[in-house]
Amino acid sequence: TRSFQNSAFIYFTPQGKAHHLWQEESTGKYHIFYAYSSLGEGRESLQPLSPTGKAQRFLHAVCTPEGTLYAAFCEEAPGPYEQALCLYALSPEGRLLWQHRSPLPYKHHLYPQLSLLDKGELLVTTLASPSPDKWDLAYLRLKPSGEIVEKGVLLSPVPERLQWQILSTGGTFWLLSRMPTGYTLHTGS
């Protein structure tokens, strides 16, 4: 019965229920909402994923075959033009496993993306600004427990409107990026 806007994700778990995650406008700001239920049910389990009054944008989510949901989004931070990176992991039963807020050394983040890697690890990529008018494609690799394994920069500098896609298969890592000059394909391990 609520109006869906912008991003929405639904993932089924082996238990026969689903993670429902979406972004919608509430009190003039976008917020991220979550429910864990069967399809067509769940009004009683509806809740904000991050219960703050701050605007939240750029939702992205992935789910493991076992039913663990990972979600990333940007949340308004204290300074002007600052967006904190927020990460959440929810169990196949819908309970919070871990969360991180601003795990990278930047004050401004845009467009986070999540990718599942071999051994169940999670790769987070995001545009991040180290200084005004400069952007990096930063990354963060986490274990399923939420422990940060590695963080750094994949590409720098990049344009603010960079588009990218990541694929990891058989230990090989592929990064396709769209720059103003055209597409570039990077590979590594």
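As shown above, the structure is provided for reference.
Residues numbered from 1 in each chain as written. Predicted model: local features only at pLDDT ≥ 70, side-chain atom pairs only at ≥ 80, totals over all residues. Heavy atoms only, no water.

1. Comments concerning the overall build of the chain
1) Next: Summing up its helical and strand segments, the chain has zero helices and 15 strands in all.
2) Next: Radius of gyration (C-alpha) of the chain: 17 Å, near the 16 Å computed for a compact globule of 189 residues.
3) Next: Principal-axis analysis of the C-alpha atoms places the extent of the chain at approximately 45 × 40 × 30 Å.
4) Next: Buried positions account for 46% of the 189 residues belonging to the chain.
5) Next: Long-range pairs, those at least 24 residues apart, make up 37% of the contacts in the chain between residues at least 6 apart in sequence.
6) Next: As presented, the chain carries roughly 10000 Å² of accessible surface, and 53% of it is formed by carbon and sulfur atoms.
7) Next: Across the chain, the 16 positively charged side chains and the 16 negatively charged ones have centroids separated by 2 Å. (Helix = DSSP H or I, 4+ residues; strand = E, 2+ residues; numbered from the N terminus. Rg over C-alpha atoms; globule rule 2.2 N^0.38 Å. Buried < 20%, exposed > 50% of the residue type's maximum accessible area, 1.4 Å probe, protein only. Contact = heavy atoms within 4.5 Å. Areas by Shrake-Rupley, 256 points an atom, 1.4 Å probe, with all protein chains shown as cover. Lys, Arg positive; Asp, Glu negative; His and termini not counted. Charge placed at Lys NZ, Arg CZ, Asp CG, Glu CD.)

2. Focus on the packing of aromatic side chains
1) Next: Scanning the model with the defined rule gives five aromatic pairs in all.
2) Next: When the ring of phenylalanine 9 is compared with that of tyrosine 11, the centres are 6.4 Å apart and the planes differ by 10 degrees; the resulting orientation is stacked.
3) Next: Tyrosine 11 gets classed as partly exposed once you look at its relative accessible area, which sits at 23%.
4) Next: When the ring of tryptophan 22 is compared with that of phenylalanine 33, the centres are 6.3 Å apart and the planes differ by 25 degrees; the resulting orientation is stacked. Taken as a pair, tryptophan 22 in strand S2 (residues 18–26) and phenylalanine 33 in strand S3 (residues 29–37) lie far apart in primary sequence, eleven residues in all. Each member of the pair, tryptophan 22 as well as phenylalanine 33, carries the same accessibility label: buried. (Phe/Tyr/Trp six-rings, centres within 6.5 Å; stacked < 30°, edge-to-face > 60°.)

3. Details of unusual backbone geometry
For residues besides glycine, phi is generally negative; the peptide bonds are generally trans as well.
1) Next: With an omega dihedral of -15 degrees, the bond running from serine 156 to proline 157 counts as a cis peptide bond.
2) Next: Phi angles above zero are rare outside glycine, and lysine 119 is one such case at about 65 degrees.
3) Next: As for its position among the elements, lysine 119 is in the loop between strand S9 (108–116) and strand S10 (122–131).
4) Next: Residue class for lysine 119 comes out exposed when judged on its relative accessible area of 81%.

4. Quick notes on the sheet that holds strand S1 (residues 8–12)
As a general point, the strands of a sheet are linked pairwise by backbone hydrogen bonds and lie either parallel or antiparallel.
1) Next: With respect to topology, four strands assemble into an open sheet ordered S1-S2-S3-S4, the strand pairing being antiparallel. Because the sheet does not close on itself, it has two edges, and the strands there are S1 and strand S4 (47–48). (Pairing = 2+ DSSP bridges.)

5. Some details on the nonpolar core
One broad rule of soluble globular proteins: the nonpolar side chains tend to lie buried together.
1) Next: Of all hydrophobic cores here, the largest spans 17 residues; its most connected members are Leu127, Val158, Leu162, Trp164 and Leu175.
2) Next: Listing elements by their share of this core, those giving two or more residues are S10, strand S11 (134–142), strand S13 (163–169) and strand S14 (172–179).
3) Next: Ignoring anything within four residues of it in the chain, the contact list for leucine 175 reads Leu137, Leu154, Leu155, Trp164, Gln165, Ile166, Thr184, Leu185 and His186. (Core = buried A, V, L, I, M, F, W, Y, C linked by side-chain atoms within 4.5 Å.)

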